[in-house]
Amino acid sequence: LIVNAASSGKTYSIPVNINTGENKVTAVQLELQYDPEIISNVKVENGNFFANPVALINEVNAVNGRISYAIGIAPTENGKTGTGIAAQITFSSNVTI
């Protein structure tokens, strides 16, 4: 995922889409890296893919520019197929391009 920020101080929101094909999915995990000199105020929220997601990991390391995020379904629920938004990432730009 590459984003060119138009100006410093602007806030952006990017969906992380999922397409399971024919696979039944019970959890989604993201490990992302970004440049903390360029991006700040990073926040990750649940998308709409799972009806009632259980947060397993939601860590943003602003010093190293690392996101670790995982959500899953409750043990009593069935896996899900299809497309949707697994997560929504919001951040600010620190540079002017």
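Before reading on, note that the structure itself is shown above.
Residues numbered from 1 in each chain as written. Predicted model: local features only at pLDDT ≥ 70, side-chain atom pairs only at ≥ 80, totals over all residues. Heavy atoms only, no water.

1. What to know about the sheet that holds strand 3 (residues 39-46)
Spatially, the three strands line up as an open sheet ordered 1-6-3, and their pairing is antiparallel. Of all strands in the sheet, those bounded by a partner on one side alone are strand 1 (11-19) and strand 3. Going across the sheet, the axis of each strand differs from the next one's by a mean of 20°, ignoring polarity. In this structure, strand 1 lies alongside strand 6 (residues 83-93), joined through nine bridges in antiparallel fashion. Across the sheet, the residue bridging to Thr11 is Ser92, located in strand 6. (Pairing = 2+ DSSP bridges. Helix = DSSP H or I, 4+ residues; strand = E, 2+ residues; numbered from the N terminus. Axes fitted to C-alpha atoms, helices over the stretch in contact; angles between N-to-C directions.)

2. Quick look at the side chain of Ser92
The residue Ser92 is located in strand 6 in this model. Exposure remark for Ser92: the relative accessible area of 10% places this residue in the buried category. Separated by 3.3 Å, the side chains of Ser92 and Asn41 make a polar contact. Leave out the neighbours within four places in its chain, and Ser92 touches Lys10, Thr11, Ile38, Ile39, Ser40 and Asn41. (Buried < 20%, exposed > 50% of the residue type's maximum accessible area, 1.4 Å probe, protein only. Polar contact = N/O pair within 3.5 Å; in protein donor to acceptor, adjacent residues only side chain to side chain. Contact = heavy atoms within 4.5 Å.)

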